[in-house]
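The lines below spell out each chain.
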Amino acid sequence: MAKVVSRPADRKAWDDLYAGVGRSPREARTISGVPLQPLYDPADLPAGHFEDKEGYPGLAPYTRGVYPSMYRDKLWTMRQFAGFGSAQDTNERYRYLLGQGQDGLSVAFDMPTLMGRDSDDEHSAGEVGRCGVAIDTLADMEVLFDSIDLSDITTSMTINSPAVILLAMYIATAEKKGISRDRLGGTIQNDILKEYIAQKEYIYPPAESLRLTVDVIEFCTENMPRWHPVSISGYHIREAGSDAPQELAFTLADGFEYVRASVERGLHVDSFAPRLSFFFDAHIDFFEEIAKFRAARRIYAEVMRDRFGAANPRSLLMRFHTQTAGVSLTAQQPLNNIARTALEALAAVLGGTQSLHTNAMDEVVALPTEKAARVALRTQQIIAQETGAADVIDPLGGSYLVESLTDEMERRAYDYFARIDERGGVVPAIEQGFFQREIAEASYRFEQALNEKKRVIVGVNEYVEEGDDEIEILKITQDMEEEQKTRLAEVKRTRDGTEVTRTLHDLEAAAGAGGNLVEPIMAAVRAYATEGEIIETMRQVFGGYRETAIY
Amino acid sequence: MSEIADRKIRVLTAKVGLDGHDRGVKVVSRALRDAGVEVIYAGLHQTPEMVVEAALQEDVDGIGLSLHSGAHMTLVPKVLKLLKERGMTDIVVFLGGIIPDEDITELKKIGVAEVFTPGTSLETIVDFVNTKFADRVHAA
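Residues numbered from 1 in each chain as written. Chains lettered and ligands numbered in written order. Predicted model: local features only at pLDDT ≥ 70, side-chain atom pairs only at ≥ 80, totals over all residues.

1. Overview of the overall build of chain A
Scanning chain A for helices and strands turns up 22 helices and 11 strands. Based on the C-alpha atoms only, the size of chain A along its principal axes is roughly 85 × 60 × 45 Å. Taken over 551 residues, chain A has a buried fraction of 50%. Considering only residue pairs separated by 6 or more positions, chain A has 77% of its internal contacts joining residues 24 or more positions apart. (Helix = DSSP H or I, 4+ residues; strand = E, 2+ residues; numbered from the N terminus. Buried ≥ 20, exposed ≤ 12 C-beta atoms within 10 Å, placed from the backbone. Contact = placed C-beta atoms within 7 Å.)

2. Section: the interface of chain A and chain B
The interface of chain A with chain B comprises 32 residues on the first partner and 28 residues on the second. Where the side of chain A that touches chain B is concerned, the elements lending two or more residues are α5 (111-114) and α18 (434-451) of chain A. In terms of residues, the side of chain A that touches chain B owes the most to one element, α18 of chain A, which gives six residues. Classifying every residue of the side of chain A that touches chain B by side-chain character gives 18 nonpolar, nine polar and five charged. (Nonpolar A, V, L, I, M, F, W, Y, C, P; charged D, E, K, R; others polar.)

3. Looking at the environment of Ile534 of chain A
Residues and elements named next belong to chain A. Relative to the helices and strands, Ile534 resides in helix α22 (residues 531-542). Residue classification places Ile534 among the buried positions, given that 25 C-beta atoms sit within 10 Å. With 11 residues separating them along the chain, Ile534 and Ala523 place their C-alpha atoms 11 Å apart. When residues no more than four places from it in sequence are discounted, the contact partners of Ile534 are Ile165, Leu507, Ile521, Ala524 and Ala529.

4. A few points about the nonpolar core
Counting 179 residues, the largest nonpolar core has Val164, Leu166, Ala168, Val216 and Ile521 of chain A together with Leu95 of chain B as the members making the most contacts within it. Each of two domains, domain 1 (65-423 + 434-451) and domain 2 (495-542) of chain A, supplies a minimum of three residues to this core. Not counting residues up to four positions away in its chain, the partners in contact with Val164 of chain A are Leu212, Asp215, Val216, Leu517, Val518 and Ile521 of chain A. (Core = buried A, V, L, I, M, F, W, Y, C linked by C-beta atoms within 7 Å. Domains from an automatic or database assignment.)

5. Focus: the environment of Ser328 of chain A
Residues and elements named next belong to chain A. By secondary structure assignment, the location of Ser328 is in the loop between β10 (320-324) and α14 (336-350). Along the primary structure Ser328 and His283 are separated by 45 residues, whereas in three dimensions their C-alpha atoms are 6.9 Å apart. For Ser328, the residues in contact, after removing those within four places along its chain, are His283, Ile284, Arg340 and Glu344.

6. Here we look at the pairing of strand β9 (residues 277-282) of chain A
Residues and elements named next belong to chain A. In terms of burial, β9 is largely enclosed, as six of its six residues are buried. Because side chains alternate across β9, one face comprises the buried residues Ser277, Phe279 and Asp281, and the other comprises Phe278, Phe280 and Ala282, equally buried. As paired elements, strand β8 (residues 231-233) and β9 share three bridges and run parallel to each other. If you follow Ser231 over to β9, its bridge partner there is Ser277. Bridge analysis of β9 against β10 gives five bridges, and the strand direction is parallel. Residue Phe279 lies in a different strand from β10, and its bridge partner there is His321. (Pairing = 2+ DSSP bridges.)

7. Regarding the pairing of strand β4 (residues 92-97) of chain B
Residue and element names in this part refer to chain B. Along β4, six of the six residues are buried, which leaves the element largely enclosed by surrounding structure. Across the two faces of β4 the burial is the same, with Val92, Phe94 and Gly96 and Val93, Leu95 and Gly97 all buried. Sheet topology note: the strand β3 (residues 62-67)/β4 ladder contains six bridges and is parallel. Looking across to β4, one finds that Leu65 is bridged to Leu95. Taken together, β3, helix α3 (residues 72-85) and β4 form a β-α-β motif whose crossover is right-handed. (Right-handed = clockwise from strand over helix to strand, strands pointing away.)

8. Some words on unusual backbone geometry
Residue and element names in this part refer to chain A. Following Ala60, the chain continues into Pro61 via a peptide bond in cis, with omega recorded as 0°. Among the structural elements, Pro61 can be located in the loop between α2 (49-54) and α3 (70-73). Backbone geometry at Tyr463 places phi at a positive 55°, although glycine is not the residue there. Looking at the secondary structure, you find Tyr463 in the loop between α18 and α19 (479-494). The exposure class of Tyr463 is exposed, given the 12 C-beta atoms found within 10 Å.

9. A closer look at the sheet that holds strand β5 (residues 114-116) of chain B
All names here are of chain B. Spatially, the five strands line up as an open sheet ordered β2-β1-β3-β4-β5, and their pairing is parallel. Strands at the two margins of the open sheet, each flanked by one partner only, are β2 (38-41) and β5. Each strand of the sheet is rotated relative to its neighbour by a mean of 20°, with strand direction disregarded. Sheet analysis places β4 next to β5, joined by three bridges and oriented parallel. Bridge pairing in β5 links Gly96 to Phe116. Packed on one face of the sheet, helix α1 (residues 23-34) meets β1 (10-15), β2, β3 and β4 and runs near 170° to β1. (Axes fitted to C-alpha atoms, helices over the stretch in contact; angles between N-to-C directions.)

10. What about the domain arrangement of chain A?
Residues and elements named next belong to chain A. Once the domains are mapped, chain A shows domain 1 (65-423 + 434-451) and domain 2 (495-542). Taken over C-alpha atoms, the centre of domain 1 sits 28 Å from the centre of domain 2. Counting residues at the interface gives 26 residues for domain 1 and 15 residues for domain 2. Of all the secondary-structure elements, those providing two or more residues to the side of domain 1 that touches domain 2 are α6 (138-144), α7 (163-176) and α9 (206-223). A per-class count over the side of domain 1 that touches domain 2 returns 16 nonpolar, three polar and seven charged.

11. Thoughts on the packing of α18 of chain A against α1 of chain B
Running from N to C, α18 of chain A and α1 of chain B point in directions that differ by 70°, and their axes come no closer than 10 Å. The angle between α18 of chain A and α1 of chain B places the two elements in the roughly perpendicular class. Remark: the crossing between α18 of chain A and α1 of chain B carries right-handed chirality. Each of Ala440, Ser443, Tyr444 and Glu447 of chain A in α18 of chain A lies in contact with α1 of chain B, whose residues at this interface are Arg23, Lys26, Val27 and Arg30 of chain B. Of the residues belonging to the contact of α18 of chain A with α1 of chain B, the class tally is three nonpolar, one polar and four charged. (Parallel < 35°, antiparallel > 145°, perpendicular 65-115°, else oblique. Left-handed = near helix turned anticlockwise from the far one by under 90°.)

12. Considering the sheet that holds strand β11 (residues 355-357) of chain A
If you trace the five strands from one edge of the open sheet to the other, you get β3-β11-β10-β9-β8 (chain A), paired in parallel fashion. The open sheet has two edge strands with one neighbour each: β3 (77-78) and β8 of chain A.

13. Focus: the packing of helix α13 (residues 286-306) of chain A against helix α16 (residues 400-422) of chain A
Residue and element names in this part refer to chain A. With their axes 8 Å apart at the nearest point, α13 and α16 run at an angle of 60° to one another. One element, α13, and the other, α16, form an angle in the oblique class. In this structure, α13 crosses over α16, and the sense of that crossing is right-handed. Mapping the contact onto sequence places Phe287, Glu288, Ile290, Ala291, Lys292, Arg294, Ala295, Arg298 and Ile299 in α13 and Leu401, Val402, Leu405, Thr406, Met409, Glu410 and Ala413 in α16. Looking at side-chain class alone, the contact of α13 with α16 contains 10 nonpolar, one polar and five charged residues.

14. Some words on helix α4 (residues 87-99) of chain A
Residues and elements named next belong to chain A. Between its first and last C-alpha, α4 extends 18 Å over 13 residues, near the 18 Å set by a 1.5 Å rise per residue. Along α4, the residues classified as buried are Ala87, Thr90 and Tyr94. The arc that holds the buried residues of α4, viewed along the axis, is 65°, so those residues lie on one side. α4 presents Tyr96 and Gly99 as exposed residues on the side facing more than 90 degrees away from its buried surface. The inward-facing, buried residues of α4 contact β4 (104-108) and α6. A positive backbone phi angle near 100° is found at Gly101, which sits one or two residues after α4. (Expected span 1.5 Å × (residues − 1). Arc of directions from axis to C-beta.)

What follows is the structure in structure tokens.
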């Protein structure tokens, strides 16, 4: 039991003043419903809190940062996610960005690619190239990275169910350019568990999907020392309506499930753990978010050491990317979104993020225009260069409030871990709808609070104005869909059909036999089998999945 | 007093297209349910054909579609066309999601009753449904 610090002598005097005659101070809670005191003081933290729970950056328990020098040494990476239209449109955009000094690419795929469907699939109608780039075969990937030196940049690919196929296409593209797989650097999201929990881009049942995720972890551990095989994501969980403790707990639980499954596969924890990375949301409740990031680092280090026996200090470091909260933006008075994004980005920086995407003000109505995207990037640069926020490591460390909230986030996460364990672990909890129900409850509670004006969103339920700010909108033409279908037909016409059939047959056999599927998928990719064909081949073995909707 | 008793409003909600952003549609479905509407949530990844078939089977007054992928100008006109072909034009179609103003104007022209963008209050949507269908469900 932690030793209690006694209340400072003047506290009683302040209590009396605060509760003085004629005053009726309001109650307050965080956006996640955590009750807040009007004031925090040293007695809110147990004795020895600094030594046990805070410490120094780059040292256990890593609450204050994963690196000893943090932004004094290197600012966070400003990584803006982009992609739309055809592989050629996106390739031009990438070459422009690299020419401007950007050193990493972040690929956004369109919905059909994310769902494992080809551009000529009937379910793809109206969606080809709309939210990202359309990739059907290796031929598209070759165009996407044409004239780009893949040994010189890092590439982040945001894709999950078909992650293994896109990774195979990336490797095949590089190898055609004479760059071996061990020289490739980047990240593939490949986080399937949060798809069942939140984003809903699943194809196969959870256990079979988890097998594919572990195939990628195993393959990368053996072949790709510079690659991050999974980016464990809380962003989508939060955007689906969870609160901060749920985002924290469910994301970490997913991460620990990948570690458990990889160890079960026969990998040593220290062989792959240093390549795991995370991805969080930065929502609008400023101090709660900072506390969430600090708690995440502490919990991760403790569980990796105590439960999984990680001995390499690098296995204990939770490195994460952050994106500001799309869900906090409003279609009403959209210019206000610039202010929201700036505050969220500041919370991410004060929380010690390794990289950051700031949303554009217009993303609540369409993909961003160039002007809106520029303001979003400039927002990060203002924080980095003008505000002084990057000058001192963990500047809020020792704040009675932030430390108390960090402890509270940690407690709530461990409570959720116990509830997940009671259900038999992450996969059984998914199958029982546990996460989905918890998130649906939290998002409904929040909407009710808005309706009752217990919470205010400026321009939405208060300060409402008729006639919103006029903003420009990016339009994407529909010609692209037909062009992409023509390109796909051309690939199908010119490829060696026998080789496609042979490699897909081999893949089906390997899927049934239970081995690692990365190499068989790579063979099919090299034969120009389509993404949809590869997905369907595995579906023959794995089956599909439909959730029971809970609301 | 009428001989026909009041009945409940019946609404089908669905995600059409491939995106999985279902926070909005679930919250709206629950708010309508709590307001006494009979809600049938068809779930994710519905095609226009599946939506219209479900609307027919469930004999609904209205269809609430949710889209966040930008495919609304392809999928919503398809739903309206199928409804017309099958003589189901009394069904009121309303939308929610990421939909630019310009497209809202266009969609309303072809028969969409209302479009709710991010930030719309639940009260607004519940009021819309109650008002829109009041004369159908209340006995004269």
